[in-house]
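Structure assessment
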2 protein chains.
Amino acid sequence: MSTHKEIRLIARPDERGIGPHLFELKQPQIPQPAQGEVLIKQTHMSLDPAMIGWMHPDTESYIPPVALGDVMRSSGFGEVIASNHPDFSVGDQVMGMTGWCEYFVSDGQGINKIQPGLNPEMALSIFALPGLTATQGLFSIGKPKAGETLVVTGAAGSVGSIVGQLAKADGLRVIGVVGSQEKAEWIVNELGFDAAINYKSDNLEQQLAELTPNGIDVFFENTGGPIQHAIFERMNTFGRIVVCGMIADYTTEQPALAPNWIPMIKKRLTMQGFAMTDHFQDAPALLEKLTPYVMQGKIKYRAHTLKGLESAMDGINLFFTGDNKGKLIVEL
Amino acid sequence: MSTHKEIRLIARPDERGIGPHLFELKQPQIPQPAQGEVLIKQTHMSLDPAMIGWMHPDTESYIPPVALGDVMRSSGFGEVIASNHPDFSVGDQVMGMTGWCEYFVSDGQGINKIQPGLNPEMALSIFALPGLTATQGLFSIGKPKAGETLVVTGAAGSVGSIVGQLAKADGLRVIGVVGSQEKAEWIVNELGFDAAINYKSDNLEQQLAELTPNGIDVFFENTGGPIQHAIFERMNTFGRIVVCGMIADYTTEQPALAPNWIPMIKKRLTMQGFAMTDHFQDAPALLEKLTPYVMQGKIKYRAHTLKGLESAMDGINLFFTGDNKGKLIVEL
């Protein structure tokens, strides 16, 4: 029998950050499906910021951490190779919770068949975690209205880029915060954002004031970092803040403090944190909401594709450096 | 014709804080009511933390600041002395938006007749701003459920004391944060809170951990200050934070920073600021909700009564020192 590669988490992130020292590459036998199970060959694996949370031994997070010694958790795209499950046939393309491995066996829970012909990178970039997260957070918490102004951080990221395009399609003024000139140009020229701010540049307050002359109604927060204070300062009365990600603070020893709550009262703001894991049962409704925007060509994406399972171990650091250009995907 | 006293705001709060230097005492003629108007003799005036906001030249607040030279704004209780208004008769007891003055003329807007026999101090302590604010914030945002744990700051204050008693009546575990041993004893022994924490004592984190063994589901914030961080830290998944007041930060040059937002995501918290001024149209429904608790003897209060209109000028500082014992009322 032949073997395949899998990567196990063997240590928690430490002062050295995230990298190969946390992982062990194994080459076990390819597993065989029992009755009611299906064997899937993963062809594309998604890398998401949420993975960083899953590596930490944090009992308070929304999903249990990956146990030391277990295969690292992920979502991905693959093909059914063998099936003892009535709902799946050999050749089906599937997407769902997978793991850092080339082959895996599933009882079908958390795995969904995909419309034949859908590009795997498009599937993982839009119709998986990023699109579901953007749709849930923007519409349920952000409650965008035409004519309002939305600011999204991590605007060239997998979630932020979809949030901004959905809001733009609905008639909002949309400003994206990014970390490079290249990303700024991409979201404005390709995605149609009204403007971009590079948070590494100077005069953030002044740029923000010029670009949001009518203040800010919806703040979709994917990153944290100092610009949070400048955005918060410009929130309008009855503004909504969607707290989706805080990548800038996930691995700092002492996370940065946030703005004082006085404006919460003066402007009667609502702030809500959410995690997509609470809303997986709503996925069909969310996809129904999202799909028309995609069909009308209003949601563009780009994939930043790494090659080979091992590339995930270093690749995840691209979330911290911001050097990824588009949705991070590992092609196996 | 006889004169009466009124107090006008003539300066904005500065580094000297709030005190007589901001005000001017005048003795104009008692005004006369025109057709459709009513003359009211104010007998009891309410002092509320919101007044501090009204003194600042802040265009972003929920209600315009008091203009320099205008009579200072307040709510109060009084008696109709003369009426050219079809809905009011001489001798009616009324409550509503008044001002720092002994007599005033109204067209009836914002003034309501009171059930005869209702004690003015009880009316201002429960059935006015404090009770409406507590009821709106607790039920609409806090969404308390029996068996949950609620922590309220400013727990011996006019709003906090009602919030805690409402939650206690609904079967929650209720912990109050106060600033003196005397207040701690009052809320536990008289109001029936489960426990009190004096924020001036040591080991706040440890005290809070011992008193909230199952974490905190509802945080009703009236004060700000360092204990905010300790309370935020112990919020449970899907917890609710009601931001009602930030008295500790209202007059500081640089308001204290707040906790990092990572727990907003990990615990899917909701935080909302509110101001009662948005909900005055809901006052009848709020009073309908509140009254049964009062009738069943579940809402106690105490008034801290100052004598004479001039006492308001210094009296408002009691909110900062915390030396008031109960609802601040000026008896005219």
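Residues numbered from 1 in each chain as written. Chains lettered and ligands numbered in written order. Predicted model: local features only at pLDDT ≥ 70, side-chain atom pairs only at ≥ 80, totals over all residues. Heavy atoms only, no water.

Looking up chain A in an unreviewed UniProt entry gives the name Zinc-binding dehydrogenase, with the organism given as Vibrio astriarenae.

This brings us to the interface of chain B and chain A. Between chain B and chain A, the residue contacts involve 38 residues of the former and 38 residues of the latter. Both faces considered, chain B and chain A share a buried interface measuring about 3300 Å² in area, 64% of it formed by carbon and sulfur atoms. Summed over the shared surface of chain B and chain A, the number is 2 salt bridges. Where Asp278(A) meets Arg268(B), a salt bridge forms, and the shortest distance between an N and an O atom there is 2.5 Å. Scanning the region where chain B abuts chain A turns up 10 residue pairs in polar contact (both at pLDDT 80 or more). Secondary-structure elements contributing two or more residues to the side of chain B that touches chain A are strand S11 (216-221), helix H7 (227-233), strand S12 (235-243), helix H8 (262-266) and strand S13 (270-273) of chain B. (Contact = heavy atoms within 4.5 Å. Buried area = accessible area lost by both parts, 1.4 Å probe. Salt bridge = Lys/Arg side-chain N within 4 Å of Asp/Glu carboxyl O. Polar contact = N/O pair within 3.5 Å; in protein donor to acceptor, adjacent residues only side chain to side chain. Helix = DSSP H or I, 4+ residues; strand = E, 2+ residues; numbered from the N terminus.)

Before going further, it helps to examine the relation of the copies chain B and chain A. Expressed as a screw transformation, the operator carrying chain B onto chain A has a rotation angle of 180° and an axial translation of 0.0 Å, and the superposed copies differ by an RMSD of 0.0 Å. What the rotation and shift describe, once combined, is the action of a two-fold rotation axis. (Least-squares fit on C-alpha atoms with pLDDT ≥ 70 in both.)

What follows is about the environment of Phe77(B). Note that Phe77(B) resides in strand S4 (residues 75-83). When residues no more than four places from it in sequence are discounted, the contact partners of Phe77(B) are Gln42(B), Thr43(B), His44(B), Gln93(B), Val94(B), Met95(B), Ile114(B), Leu118(B), Pro120(B), Ala123(B) and Leu124(B).

All names here are of chain B. Structurally, the position occupied by Arg73 is in the loop between helix H1 (50-55) and S4. A sequence separation of 117 residues divides Arg73 from Glu190, and the C-alpha atoms of the two residues are 32 Å apart. When sequence neighbours within four positions are dropped, the list of residues in contact with Arg73 reads Met51, Trp54, Ile63, Pro64, Pro65, Val66, Met97, Gly99 and Trp100. Side-chain polar atoms of Arg73 contact the backbone oxygen of Pro64, separated by 2.9 Å.

Right, let's get into helix H5 (residues 181-190) of chain B. All names here are of chain B. Listed as buried for H5 are Lys183, Ala184, Trp186 and Ile187. Down the axis, H5 shows its buried residues gathered within 165° of arc, on one side only. Packed against the buried residues of H5 are helix H4 (158-169), strand S9 (173-178) and strand S10 (195-198). Of the residues trailing H5, Gly192 is marked for its positive phi of about 85°. (Buried < 20%, exposed > 50% of the residue type's maximum accessible area, 1.4 Å probe, protein only. Arc of directions from axis to C-beta.)

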